[in-house]
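# Structural features, examined
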Amino acid sequence: MNIQAMAEDIPVEGEHSIEGVDFITSGDQYLTFLLAQEQYAVDILCVEEIRSWERPTKIPNAPSYIKGVINMRGIIVPIVDLRLKFSIGEASYLETTVVIVLTYQSEDKSRTIGFVVDAVSDVLNVESVDIKPAPAFGGCVGPQYIDGLINSEHKVVTILNVAHLQKVEKHRLHS
Amino acid sequence: MSVDLSQFIPSFLEESFEGLELMETGLLNLQPGDNETIHSIFRAAHSIKGGAGTFGFENVTEFTHLVETLLDEMRDGRRDITNKDTEILLESVDCMRLLIEAARDDVDYDQAKVAQISALLSETLGDEQSSSNEGEASSNIDKPKGSGYHIKFVPEHSLAKTGNDPLFLFSALAELGELTIFANTQELPALMDIDAQELYLSWQLTLHTEVEEAEIIEIFEWVEDECLLELTAINDNSADSGTDKAQATDEVEQASQQPDTQQTAATEAVVTEQVVSKQPEQVIDEDNSKVAKTKAKAEVGSIRVGVDKVDSLINLVGELVITQSMLSELGTDFEMDKVERLTSGLEQLLQNTKELQESVMRIRMLPISFAFNRFPRLVHDLAIKTGKAMELVIKGEQTELDKTVMEQIGDPLVHLVRNAADHGIESNEIRLANGKPEKGTISLDAYHQGGNIVIEINDDGAGINRAVVFDKAVEKGLIDAGATLTDSQVYDLLFEPGFSTAAEVTDISGRGVGMDVVKRNIQALGGRIQVESSLGKGSTFKVNLPLTLAILDGQLVKVGSETYIIPLISIVESLQIDNKLINRVSGDMVLYRLRNDNVPVLPIYQLFDLATECTEIHNALLVVVEADGQKVGLMVDDLLAQQQVVIKSLKDNYQQVAGISGATILGDGSVAMILDIPGMIHMALEKAQQAQLVKNNGNTNATAEVCL
């Protein structure tokens, strides 16, 4: 297989124009993904990469939603299963199961963590005025994790707060 | 052109600290009449002063100026080099370090100390002044009494480009006396032709002062090569001085106007830039809290790397690129008959990577002299404090050591050296009475041995009295009175926490102030410490350290489906379990009889909550490890390979995990955890205590029920 030939086929902005594809974007971009049947989104600028699921190395005595650590090009990256963390759906590991690796730069340091989700779906362009606050009527996902809701066609997408997701809770090391 | 001065502050600080070290070393070695050393000390102080002035660290400038004046007098031979002055200068170096550190971290400093030392300095200078005035009074007679100088200062056009600013020079001159400035604007080209970075002015200055010519020339020292400087003394002629004064007032007026309008053409650029560059800095200050700022600064370190190391790195990268292109060429149309070339190419790649790894590691290696540098001063101070004559001999200071290890070994070494000086070396009288040279010798020696670095701290003092240590240990209940111990076992008792308080130890001739801490620090670095001593002749403390903290020799073990790495240094032995030697005692605690020892067995799968088929002890293997003097047997399913692993932190993206010191990446790309043996032992103890607590609570509840 000739990779170079394939690479040339990939459209580059301003070089080819492909019908039906709109390169002009406005507002912020969000990557949406599925947890069970629900749509969630994170700021696309935080996304480091999307990987297929591989069995991580377990961390002793870690909470069940922390699946372990993997080697991402020499960096040790912990893997959090969002379905377990938020108690949404079943945590099954299939071929379509993916890991979204997010890097968040806080004031003092940057942290890279992988999150297991059921599937990655789309990239949304969202104007900030379209983000609406989430009503506080419970749900499994704590309010601190939610930045707001957006309507995408007939579905509602929850925008997650990456800074909060990245916080590693100090869990009891052995129970 | 915009120059952000703040970007140079880190290098100024680095150079200043180097300068301070240089001054300290110089002062310690200073002998009367040693002009070369005085010059180098003076130069160091002068650069610090200059730099501090540029960056606006006024405290530093002011203080350093005093130091410099004192040094200047020594340099010119106007002052004899006495021990007293050297001591004051040494203290001043401490003060300067304090001030610069305070400036760096933007915190307050110990003002009382600085004030005290600067008072001392001024006092010393004052003494000198009066005596020198007396001394020079005679010589002044034949000289015309210099009441001032005419200075003609014609700088080259490029002066401003080299970072010099005539304004600074003039304000320095103004400090010496009454200064009048006349700017000569003849050479100023038409406005169109002006290059904003060139300096077109020259100046005629008149300085009314009592100071000597040398002091004025010193101000111009930095620009000497780039200007024409003429100094003529004003003859103290009343008529002349009258006209001078009249002229001077004229000049003042002129000067105050002309520089304002024209001189600014040349210097304004520089001045405004400074103002501009300072503003963003202040904004940042307000945004970030000071704490965060200092923290960030403390964390970012830099190292100086020899060019040879960088060159070899570049060479290796070159080779790697060649190998890579060779392999990719091979890959474009690969056929089976080229497989041999492929294997040799891969071998070459392996070689390149290995060398590259070693080279990169070497960049972190610094000569141990960085850690040894502070000891001459320490020993010097201790000698004064204890009143014992002693000298320090340093050997092998070029031996290289990883930067992180170096940073952490400093304190334990200070402790050992202090102990050697405090308890090891006897007082002068006792030494003479024992037929030893009056001056005690402490030697520091560093050398490589295998993959380790060995640091020896040796003194020719009294040595350790084995019997006294032994008795003390018995008294403390650490050993039985009837126990037979080897010498090294007895010396190891010194590192017991019970031996650590100073009052108890100074009674005996041995040592042991906080020795348990020293040992723990060294062990935390993966090293060990040994003691050799012979009574009456001295003792040697041998510190054995790994060269780097980034790589570790590990034993791979299997527990369930997981692979763990046990640091080789903590493994005592690995063995197949003999059923007969397993004992269950005092309520299901499993012990394994290892010759005379009973070693508690820790099943890793239980501690880490893992699923494994190997839950029965007789199916498993036992790896006996030791930490903090406690031996435990780790139960593992299988022993795998031994290999060097690169340690990666779990804290970067996650957090510290109990029982785990880090992670590494194995040959197949998977991650394996490195076991933290002391941490695991601690965990197991805690777990046992908790279990006990739960049990006891259960019992009390039960009895309560019965009572009811």
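Cut-off values and rules
Residues numbered from 1 in each chain as written. Chains lettered and ligands numbered in written order. Predicted model: local features only at pLDDT ≥ 70, side-chain atom pairs only at ≥ 80, totals over all residues. Heavy atoms only, no water. Helix = DSSP H or I, 4+ residues; strand = E, 2+ residues; numbered from the N terminus. Buried < 20%, exposed > 50% of the residue type's maximum accessible area, 1.4 Å probe, protein only. Contact = heavy atoms within 4.5 Å. Areas by Shrake-Rupley, 256 points an atom, 1.4 Å probe, with all protein chains shown as cover. Phe/Tyr/Trp six-rings, centres within 6.5 Å; stacked < 30°, edge-to-face > 60°. Salt bridge = Lys/Arg side-chain N within 4 Å of Asp/Glu carboxyl O. Pairing = 2+ DSSP bridges. Axes fitted to C-alpha atoms, helices over the stretch in contact; angles between N-to-C directions. Buried area = accessible area lost by both parts, 1.4 Å probe. Arc of directions from axis to C-beta. Core = buried A, V, L, I, M, F, W, Y, C linked by side-chain atoms within 4.5 Å. Patch = residues over 30% accessible without salt bridge, like charges linked within 9 Å, V, L, I, M, F, W, Y side chains within 5 Å. Lys, Arg positive; Asp, Glu negative; His and termini not counted. Charge placed at Lys NZ, Arg CZ, Asp CG, Glu CD. Left-handed = near helix turned anticlockwise from the far one by under 90°. Nonpolar A, V, L, I, M, F, W, Y, C, P; charged D, E, K, R; others polar. pLDDT = per-residue confidence, 0-100.

Regarding its fold elements, chain B presents 21 helices and 22 strands. Each of the 708 residues in chain B was classed as buried or not, and the buried ones make up 39%. For chain B, restricting intrachain contacts to residue pairs at least 6 apart in sequence, the fraction spanning at least 24 positions comes to 69%. On chain B, roughly 37,800 Å² of surface is accessible, and the fraction owed to carbon and sulfur atoms is 52%.

The next thing to look at is the overall build of chain A. When helices and strands are counted, chain A shows 3 helices and 10 strands. When the helices and strands of chain A are placed in sequence order, the string is α-β-β-β-β-β-α-β-β-β-β-β-α. The 175 residues of chain A split such that 40% are buried. A separation of at least 24 residues holds for 53% of the contacts in chain A among residues at least 6 apart in sequence.

Bringing the packing of aromatic side chains into the picture now. Each aromatic ring pair is specified by the distance between its two centres and by the angle formed by the two planes. Residue and element names in this part refer to chain B. Per the counting criterion, the structure on display carries 10 aromatic pairs over all chains. Residues Phe-153 and Phe-170 carry aromatic rings whose centres are separated by 6.1 Å and whose planes lie at 85 degrees to one another, so their mutual orientation is edge-to-face. Of this pair, Phe-153 sits in strand S1 (residues 148-155) while Phe-170 is found in helix H6 (residues 166-176), placing the two residues 17 residues apart along the sequence. Taking the relative accessible area as the measure of exposure, Phe-153 reaches 0% and is therefore buried. Residue classification places Phe-170 among the buried positions, given a relative accessible area of 5%. Each ring, one from Phe-153 and one from Trp-203, has its centre 5.9 Å from the other, and the planes form 20 degrees; the classification is stacked.

Right, let's talk about the pattern of salt bridges for a bit. Using the criterion set out here, one finds 23 salt bridges over all chains in the structure. Taking the shortest distance from any N to any O, the salt bridge between Arg55(A) and Glu562(B) comes out at 3.7 Å. Here Glu562(B) lies in strand S13 (residues 562-567) and Arg55(A) lies in the loop between strand S3 (47-52) and strand S4 (66-72), a pairing that spans two chains. The class for Arg55(A) is exposed, based on a relative accessible area of 55%. Here Glu426(B) makes a salt bridge to Lys436(B), at a shortest N to O gap of 2.7 Å. Remark: Lys436(B) occurs in the loop between helix H15 (428-433) and strand S8 (440-449) and Glu426(B) occurs in the loop between helix H14 (403-424) and H15; sequence separation between them is 10 residues. The two residues Glu426(B) and Lys436(B) agree in class, both being buried. Members of the salt-bridge network, linked through shared partners, are Glu24(B), Asp94(B), Arg97(B), Arg377(B) and Asp381(B).

Turning next to the sheet that holds strand S10 (residues 528-534) of chain B. All names here are of chain B. Taking strand neighbours across the sheet as the criterion, the 5 strands line up as S6-S8-S9-S11-S10 in an open arrangement whose pairing is mixed. Edge strands, defined here as strands with exactly one partner in the open sheet, are strand S6 (390-395) and S10. When the angles between neighbouring strand axes are averaged without regard to direction, this sheet yields 15 degrees. Sheet analysis places strand S9 (residues 452-459) next to strand S11 (residues 538-546), joined by 8 bridges and oriented antiparallel. Its bridge partner being in S11, Asp-459 is matched across the sheet by Ser-539. Here H14 sits on the sheet in contact with S6, S8, S9, S10 and S11, set at roughly 20 degrees to S9. In the packing of helix H19 (residues 515-524) onto the sheet, the strands contacted are S10 and S11, and the crossing angle to S10 comes to about 135 degrees.

Moving on, we get to the side chain of Ser443(B). All names here are of chain B. Mapping Ser-443 onto the fold places it in strand S8. Residue class for Ser-443 comes out buried when judged on its relative accessible area of 12%. Apart from the residues within four sequence positions on either side, Ser-443 is in contact with Val-393, Glu-456, Ile-457 and Asn-458.

Right, let's talk about the interface of chain B and chain A for a bit. Facing the 28 residues of chain B at the interface are 29 residues of chain A. Across the chain B to chain A interface the summed buried area is about 2,300 Å²; carbon plus sulfur atoms make up 53%. When the area that chain B buries against chain A is broken down by residue, the three leading residues are Asn653(B), Tyr654(B) and Gln655(B), summing to 32%. Summed over the shared surface of chain B and chain A, the result is 1 salt bridge.

Let us now look at H19(B). Residue and element names in this part refer to chain B. Restricting attention to buried positions, one finds in H19 the residues Met-515, Asp-516, Val-518 and Ile-522. Looking straight down H19, one finds that the buried residues subtend no more than 160 degrees of arc, so they occupy a single side. Contact partners of the buried residues in H19: H14, S10 and S11. Looking one or two residues beyond H19, the residue adopting positive phi is Gly-526, at roughly 80 degrees.

Here the focus is the nonpolar core. Residue and element names in this part refer to chain B. Phe-608, Leu-634 and Leu-675 are the most contacted members of the largest nonpolar core, which has 71 residues in total. The biggest single contributor to this core is strand S18 (residues 621-627), with 6 residues. Discounting chain neighbours no more than four positions away, the residues touching Leu-675 are Tyr-564, Ile-565, Ile-566, Pro-567, Ile-604, Phe-608, Leu-634, Gly-659, Ile-660, Ser-661 and Met-680. Among the nonpolar cores identified, the runner-up in size contains 48 residues, and Val-379, Leu-416, Ile-479 and Val-531 belong to it.

We now examine the sheet that holds strand S8 (residues 119-126) of chain A. All names here are of chain A. As summarised here, the arrangement of the 5 strands in space is S8-S1-S2-S10-S9, forming an open sheet in which the pairing is mixed. Each edge of the sheet is formed by a strand with only one pairing partner; in this case those strands are S8 and strand S9 (146-152). The average undirected angle you get between the axes of adjacent strands in this sheet is 30 degrees. Here strand S2 (residues 38-43) pairs with strand S10 (residues 155-160) via 3 bridges, running parallel. Looking at the pairing, Gln-39 lines up with Val-157 of S10.

Listed in full, the buried residues belonging to H6(B) are Pro166(B), Leu169(B), Phe170(B) and Leu173(B). Taken down its axis, H6(B) places every buried residue within 95 degrees of arc, on the same side.

Attention now moves to a negative patch on the surface. Together, Glu156(B), Glu221(B), Glu224(B) and Asp225(B) make up a region of like negative charge exposed at the surface. In this fold, Glu224(B) is placed in the loop between helix H7 (213-219) and strand S4 (227-233).

A word on the packing of helix H13 (residues 375-386) of chain B against H14(B). Residues and elements named next belong to chain B. At their nearest, the axes of H13 and H14 sit 10 Å apart, and the two run at 35 degrees to each other. Note on packing geometry: the crossing formed by H13 with H14 is right-handed. Contacts from Phe-375, Leu-378, Val-379, Leu-382 and Thr-386 of H13 reach H14 at Gly-410, Leu-413, Val-414, Val-417, Arg-418, Ala-421 and Asp-422. Broken down by class, the residue content of the contact of H13 with H14 amounts to 8 nonpolar, 2 polar and 2 charged.

All right, on to the confidence of the model for chain B then. Residue and element names in this part refer to chain B. A residue-level look at chain B finds 82% of positions with pLDDT of 70 or above and a mean pLDDT of 76. Note that pLDDT drops below 50 for residues 128-145; the model gives that stretch 10 contacts with residues more than four away or on any other chain. Overall, residues 236-299 carries pLDDT values under 50, and its contacts beyond four positions in sequence, including any with other chains, amount to 51 contacts. Two numbers describe this predicted complex: its pTM, 0.52, and its ipTM, 0.77.

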